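Report on the structure
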Amino acid sequence: MRLLVTGGAGFIGTNFIHHILEKYPDYKIINLDKLTYAGNLENLKTIEGHENYEFVKGDICDEALVNELVKRVDAIVHFAAESHVDRSIMGAAEFIRTNVMGTHVLLDAAVKNNKKRFHHVSTDEVFGSLSPDDKPFDENTVYAPRNPYSASKAASDHLVRSYFNTYKLPITITNCSNNYGPWQFPEKIIPLFLTNLHEGKKVPVYGDGMQIRDWIHTGDHNRGVDLVLHKGREGETYCLGGGNEIPNIELTRKLLAIMGKGEENIEYVIDRPGHDRRYCISIKKINSELGWHPEYDFEKGLRHTVDWYLANKEWWQRVKSGDYQKYYQEQYIDRK
Ligand code: NAD
Ligand code: TYD
């Protein structure tokens, strides 16, 4: 199988590419990534020159480029997105452009080129915010996004579904909860907090720290994407979650304990505007249809993740200093 992976230099896409090349030695991957601040080719150093892997620096909004690449593959696995809620609050334009318009460009190219198989990677944030006693989100939950990031992902999900209905494009969608694991950009809570603690800095907990997220290891998420790509029913959505609901302050205390630091390192800061209170997602459908369930134990997964960041200090130090962005310039000649 030949796959076009978009956003493969980001956190989850990187992990996906490593997973696919290890599991399916005869698959070919083209990784199309714009290398925004969130894209880092150093994540993929070990597969540079791999005969089944090709990197293309480019924008999913570039119709000509996307069309040329879609022609060369059997399926598209679409990770590329602007992904950070706080950035979307500061300015939504890039979120609308990449997440909505970019998805549209990919969908059109998929239709034009013999209706290529299209898997769209999305988030549980499209469903909005739960109260403590609400039942978990599932595939039938009404969409109710509450910030520009989740609204742009919701729009992209609707577009993807509309292409199934209108053009019979063979699509699937996964909506997944908060991921953690190696190569996550240190603006997201887990890598930000653990690298701050390592540097002797405090950790900024938003508001009262009682917002709840359902954490999943990116390895479990990507096994789910792999399964849905190969065995999912066309036109269907599958929800993925880790079964690890935990308030931010408790997560912070776990990280402090692993890092051997005290509560004096917590700094309560002003809350995120419109901060979603709770996410939790049911995996009943994918579990009963495809047998998927998360395999990582949260405590162990968190410890492994901390160990990975401690063993790969140079990686995140180069991200935090901005040096990682020079790597591409040294390695590749821009196509344009
Ligand atoms: P990320 O921000 O780490 O990576 C995004 C990647 O997309 C980067 O490599 C970036 O360079 C690339 N990109 C951005 N705009 C582009 C464009 N216009 N053209 C080409 N490439 C572009 O994101 P992530 O955390 O790896 O998330 C990947 C996907 O998974 C996203 O669609 C996100 O909505 C979804 N998701 C993320 C989570 C999570 O917890 N991180 C949970 C559920 C779903
Ligand atoms: P984040 O990793 O940004 O993911 P999302 O907003 O997509 O869920 O944040 C996870 C939770 O952690 C969210 O409730 C916001 C909170 N948070 C903090 O309290 N402090 C921080 O510095 C960050 C980045 C997040």
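Presented here is a report on the structure given in the accompanying data block. Everything numeric here is computed off the predicted structure, so don't read it as measured data. (Residues numbered from 1 in each chain as written. Chains lettered and ligands numbered in written order. Predicted model: local features only at pLDDT ≥ 70, side-chain atom pairs only at ≥ 80, totals over all residues. Heavy atoms only, no water.)

Within the chain, the secondary structure is distributed over 12 helices and 13 strands. The C-alpha atoms of the chain give a radius of gyration of 19 Å, which matches the 20 Å a tight globule of 336 residues would have. Considered along the principal axes of its C-alpha atoms, the chain spans approximately 60 × 50 × 35 Å. Here the chain holds 336 residues, and 57% of them are scored as buried. Across the chain, every contact between residues at least 6 apart in sequence was considered, and the portion connecting residues at least 24 apart equals 82%. Approximately 14300 Å² of the chain is accessible, and the part contributed by carbon and sulfur atoms is 51%. Of note, the chain has its 42 positive side-chain charges centred 2 Å away from the centre of its 47 negative side-chain charges. (Helix = DSSP H or I, 4+ residues; strand = E, 2+ residues; numbered from the N terminus. Rg over C-alpha atoms; globule rule 2.2 N^0.38 Å. Buried < 20%, exposed > 50% of the residue type's maximum accessible area, 1.4 Å probe, protein only. Contact = heavy atoms within 4.5 Å. Areas by Shrake-Rupley, 256 points an atom, 1.4 Å probe, with all protein chains shown as cover. Lys, Arg positive; Asp, Glu negative; His and termini not counted. Charge placed at Lys NZ, Arg CZ, Asp CG, Glu CD.)

One open sheet holds the 7 strands; their spatial order is β3-β2-β1-β4-β5-β6-β11, and the pairing between them is parallel. At either end of the open sheet lies a strand with only one pairing partner, and these are β3 (53-57) and β11 (237-240). For this sheet, the mean angle separating the axes of adjacent strands, direction not counted, is 20°. Here strand β4 (residues 75-78) pairs with strand β5 (residues 117-123) via 4 bridges, running parallel. (Pairing = 2+ DSSP bridges. Axes fitted to C-alpha atoms, helices over the stretch in contact; angles between N-to-C directions.)

In this section: the pairing of β4. Of the two faces of β4, the one carrying A75 and V77 and the one carrying I76 and H78 are both buried. Strand direction decides the pairing type here: strand β1 (residues 2-6) and β4, joined by 4 bridges, are parallel. Opposite L4, over in β4, you have I76 as the bridge partner.

Within this structure, the stated rule accounts for 23 salt bridges. Two residues, K34 and D59, come together in a salt bridge whose shortest N-O distance is 3.5 Å. One end of the pair, K34, is in the loop between β2 (28-33) and β3; the other, D59, is in the loop between β3 and α2 (63-71), and 25 residues separate them in sequence. The exposure class assigned to K34 is partly exposed, which follows from its relative accessible area of 32%. Relative accessible area serves as the criterion here: at 13%, D59 is assigned to the buried category. For E94, the salt bridge identified is with R97, shortest N-O distance 3.5 Å. Of the two residues, E94 and R97 are both situated in helix α4 (residues 93-112); the distance of 3 residues between them amounts to about one turn of the helix. The structure contains a network of salt bridges with shared partners spanning K34, D59, E94 and R97. (Salt bridge = Lys/Arg side-chain N within 4 Å of Asp/Glu carboxyl O.)

Our focus in this paragraph is the site of ligand 2. Every one of the 18 residues lining ligand 2 counts as a neighbour, but E125, P204, R213, R272 and H275 are closest to it. Within the side chain of N178, an N or O atom sits 2.8 Å from an oxygen atom of ligand 2. Between ligand 2 and R213, the relevant distance is 2.8 Å, taken from an oxygen atom to a side-chain nitrogen or oxygen of the residue. When ligand 2 sits alone it has 510 Å² of accessible area, and the protein chains cover 97% of it. Elements supplying a minimum of two residues to the shell around ligand 2: α6 (189-198) and β8 (203-206). Partitioned by chemical class, the residues of the shell around ligand 2 number 8 nonpolar, 5 polar and 5 charged. (Near = heavy atom within 4 Å. Polar contact = N/O pair within 3.5 Å; in protein donor to acceptor, adjacent residues only side chain to side chain. Nonpolar A, V, L, I, M, F, W, Y, C, P; charged D, E, K, R; others polar.)

At their nearest, the axes of helix α1 (residues 11-23) and helix α7 (residues 218-231) sit 9 Å apart, and the two run at 60° to each other. Taken as a pair, α1 and α7 cross one another with a handedness that is right-handed. Counted together, F11, I12, N15, F16, H19 and K23 of α1 and T218, H221, N222, R223, V225 and D226 of α7 form the full contact between these two elements. For the contact of α1 with α7, the class distribution of residues is 4 nonpolar, 5 polar and 3 charged. (Left-handed = near helix turned anticlockwise from the far one by under 90°.)

Shape is all these values report; function is a separate question.
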